[in-house]
Amino acid sequence: MIGFLGQMLSYVLPFLVVLTVVVTVHELGHFLTARAFGVKVDRFAIGFGRPILSRKDRHGVEWRVGWLPLGGYVKFSGDLDESGVPDRKGLEELRQRLVAEKGKGAERDYLYFKPLWQRALVVAGGPIANFVLALAIFTVLFSAVGVPLRPARVMDVAEGSPAAAAGFAVGDLITHVNGKLIEDSSEVIRHVALSSGTPVQFTVERDQKVVNLTGVPERTVVDDPIGGRVTMGRIGLGLGSTRAEYRHVRYSPIEAIGKGAEEITSIIGTTIKYIGRIFTGRENGDQFSGPLGIARVSGGLTNAAVAADPDPVAVTFNLLLTLTSFAAILSVGIGFLNLLPIPVLDGGHLMFYAYEAVARRPLDARIQSTGYGVGLAMLACMMLFATWNDLQKLNIFKFLGGLVA
C-alpha cells in the first residue's frame, strides 16, 4: 500500500505542481492586462470549489485557492452571464445600474465598457502569457543548459519495411525531411510519426553524394513507456550517431529566443497537423490526453529523471530540468487550446468580439447563450474522449476484466 501511494504521488504531485504554475501564469495574463487598462476585478482564483485559502487585497480583489486544483479563473466586476459577453440590452441595463449606484462615469471601470481592442487584449492576455512563459523557459534552457544534437545517421534498416522499399542503406545521413533541415534525429521521428500513409521526402548523404528518397510510413501501434500505447507512423529505420557526430550546443540569448520561438511554432504546427489528420480520417485521435494522461506523462518523466542518476544533486537537477521543460510544452498546449474558437474558451470570446467589430454591436444574448451550451458540450465530449484514451493507455479495462474474472 505504501509503495502504491508513493507511486501515485510520483505521478499526481508533479502534474499538479506543473499545472498550477501554468494555470496561474495564464490567469495572471488576463488579470495584469485587465489591471493595466483599469478594469475592476472581483476575484482571482486558482482551483475550483470551496476555498482553502482566501484573502482580499487593498483593491478589493479576492485572491482564492480552491480545493480542486484543476484550473482557475478571473472574475471581472459586473459579469452578467456565463458567456461573459452581454448583448446591447444587457450592457444598457448594467450601465444604468452602475450610474444609479455609483454615479456617472463609474461604468468606465468595467470590462464591458472598455474599447473593443482593450477587451480583446484582456481575453488574449491569458494565452499570450502562456506563450511568453514557454518562450522564457525555452530561452533559458537553450542558452544556459543547451541542447544535445544527434545527427540522424541510419544504423539499421528493418527488412521488408517502408525504409527498405524506399532504398535506405546503413550509413545514410538524413539531412532534410520534406525540405526541412534536420539537426537532430528526433526531428525525423516527429515528421514520420504524423505521416502514416503519406509519402515523405528524404534527402540523405551517402558516400559524399546527395540522394533523394521517398518513403511511406506505416501506421503502427507503439507501447511508449511514458506516453502509453498509441498509434503513429513508423518507417523501419534505426537512427543513431557516432560519438564524433554528437554535439551539445549552447545558444546565445538572441539565438535561444529564436530557437524557442521555433519550438513553440513546431509544437503548435504539429498539433494543428494532428487535428487535421483526425478530421480527414488518417488518425484515430488516440494521442489526445486529458488530466490522467498528462499526469501519467509527468510521472513518467519524473521517474525517468530520478532513475537517470542516483546522485542527489543530479536527481534534483534532472528533475528540475525535466519538469521545467514539461511546463513549457504544457503551457504552449494550454495557450493553443484556449485560442480555439469554442464558446466559453478565450477563442470563443475573441470570436464574439470579431463579430462585434464587424457588426458594430455585440452578438444577441440568446445566440451567445446557445453558443455557450454548444461550447460546454464540445468541451465535455473532448474531455470524455481524452479520458477514454487515458484509461485505455492505463489498461484499466483489462485490469477491471481481470478482477471480474
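The written sequence of each chain sets the order in which its residues are numbered from 1. This being a predicted model, a pLDDT of at least 70 is required before a residue's local features are given, and a value of 80 or more before pairs of side-chain atoms are given or counted; all residues contribute to the totals for chains, interfaces and linings. Computation of side-chain values: all heavy atoms of the structure, hydrogens and water removed.

### Examining the overall build of the protein
Looking only at helices and strands, the protein has 11 helices and 12 strands in total. A total of 405 residues make up the protein; the buried ones form 40% of that total. We call two residues in contact whenever any of their non-hydrogen atoms come within 4.5 Å of each other. Sequence separation of at least 24 residues holds for 65% of the intrachain contacts in the protein that already meet a minimum separation of 6. Just so you have it, the protein exposes about 22000 Å², and 64% of that area is on carbon and sulfur atoms. Under the DSSP-based scheme used, a helix requires at least four consecutive residues in state H or I and a strand at least two consecutive residues in state E, with every element numbered from the N terminus. Each residue is placed in one exposure class: buried if its accessible area under a 1.4 Å probe, protein chains only, is under 20% of its type's maximum, exposed if it is over 50%, and partly exposed if it falls in between. Each accessible area is a Shrake-Rupley result for a 1.4 Å probe, and residues are judged covered by the shown protein chains and nothing else.

### Observations regarding the packing of aromatic side chains
Pairs were defined over the aromatic rings of Phe, Tyr and Trp, the Trp ring being its six-membered one, requiring ring centres within 6.5 Å. Orientation was assigned from the angle between planes: stacked under 30 degrees, edge-to-face over 60, tilted for the rest. Across all of its chains, the model carries eight aromatic pairs by this definition. Between phenylalanine 48 and tyrosine 73, the aromatic rings sit 5.9 Å apart at their centres with planes inclined by 15°, giving stacked as the arrangement. Of this pair, phenylalanine 48 sits in strand 1 (residues 41-56) while tyrosine 73 sits in strand 2 (residues 62-76), placing them 25 residues apart in sequence. Exposure remark for phenylalanine 48: the relative accessible area of 34% places this residue in the partly exposed category.

### A word on the environment of valine 192
Residue placement: valine 192 occurs in helix 5 (residues 185-193). Sequence separation between valine 192 and glutamate 218 is 26 residues; the distance between their C-alpha atoms is 9.1 Å. Apart from the residues within four sequence positions on either side, valine 192 is in contact with Phe202, Pro217, Gly233, Arg234 and Ile235.

### Notes on the nonpolar core
Formed by 37 residues in total, the largest nonpolar core has its most connected members in Val18, Val22, Val41, Phe76, Phe138 and Tyr251. Mapped onto this core, the elements with two or more residues apiece are helix 1 (2-36), strand 1, strand 2, helix 3 (116-145), strand 3 (147-149), helix 6 (253-279) and helix 8 (312-338). Put simply, a nonpolar core is a bunch of buried Ala, Val, Leu, Ile, Met, Phe, Trp, Tyr and Cys residues held in one set by side-chain atoms that sit within 4.5 Å of each other. Counting 16 residues, the second largest nonpolar core, distinct from the first, contains Ala166, Val177, Val188 and Phe202.

### A short note on the confidence of the model for the protein
Of all residues in the protein, 81% have pLDDT values of 70 or greater, and the mean over the chain is 83. Summarising per-element confidence for the protein, the mean pLDDT is lowest in helix 11 (residues 396-404) (40) and highest in helix 3 (96). Confidence of the prediction at every residue is given by pLDDT, a number between 0 and 100. Of the regions scoring below 50 in pLDDT, residues 1-5 engages in zero contacts with residues more than four places distant in sequence or in other chains. Note that residues 396-405 has pLDDT below 50 and, in this model, four contacts with residues that lie over four places away or in other chains.

### Side note on the packing of helix 3 against helix 9 (residues 346-359)
Here an angle of 0 to 180 degrees is reported between the N-to-C directions of two axes, which are lines fitted to C-alpha atoms, with helices fitted over the stretch in contact. The interhelical angle for the contact between helix 3 and helix 9, taken along N-to-C directions, is 165°, at an axis separation of 9 Å. Considering the angle they form, helix 3 stands roughly antiparallel to helix 9. Note on packing geometry: the crossing formed by helix 3 with helix 9 is left-handed. On the side of helix 3, the interface is formed by Leu116, Arg119, Ala120, Val123, Ala124 and Pro127, while helix 9 contributes Asp346, His349, Leu350, Tyr353, Glu356 and Ala357. Our angle categories are set so that under 35 degrees counts as roughly parallel, over 145 as roughly antiparallel, 65 to 115 as roughly perpendicular, and the remainder as oblique. With the far helix as reference, a near helix turned anticlockwise by less than a right angle produces a left-handed crossing, and one turned clockwise produces a right-handed crossing.

### Description of the environment of alanine 158
Tracing the sequence through the fold places alanine 158 in the loop between strand 4 (152-157) and helix 4 (162-166). With residues near it in sequence (within four places) discarded, alanine 158 still touches Ala164 and Gly236.

### Digging into the pairing of strand 5 (residues 173-177)
Side chains on a regular strand alternate between the two faces of the sheet. Here strand 5 lies mainly inside the structure; four of its five residues are buried. Pairing between two strands requires that DSSP report at least two bridges joining them. Of the strand pairs in this sheet, strand 4 and strand 5 are connected by two bridges, and their pairing is antiparallel. By the bridge assignment for strand 5, arginine 153 is matched with leucine 173. Bridge analysis of strand 5 against strand 6 (residues 180-181) gives two bridges, and the strand direction is antiparallel. When the bridges of strand 6 are listed, valine 177 appears paired with lysine 180. Counted between consecutive antiparallel strands, the loop separating strand 5 from strand 6 contains two residues, among which asparagine 178 sits at a positive phi close to 50°.

### Some remarks on the pattern of salt bridges
Counted as salt bridges are all cases of a side-chain nitrogen of Lys or Arg within 4 Å of a carboxyl oxygen of Asp or Glu. Overall, the coordinates contain 11 salt bridges when judged by the stated rule. In this structure, arginine 43 engages glutamate 62 in a salt bridge whose closest nitrogen and oxygen atoms are separated by 2.8 Å. Residue arginine 43 is located in strand 1, and its partner glutamate 62 is located in strand 2; the two are separated by 19 residues in the primary sequence. Take glutamate 62: its relative accessible area is 12%, and that puts it in the buried class. Close ionic contact of glutamate 187 with lysine 180 constitutes a salt bridge, the shortest N to O distance being 3.2 Å. Owing to a relative accessible area of 16%, glutamate 187 belongs among the buried residues under this scheme.

### Quick notes on the environment of proline 199
One can find proline 199 in the loop between helix 5 and strand 7 (200-206). Along the primary structure proline 199 and threonine 214 are separated by 15 residues, whereas in three dimensions their C-alpha atoms are 6.3 Å apart. Among all residues touching proline 199, those that are not within four sequence positions of it are Thr214, Gly215 and Val216.

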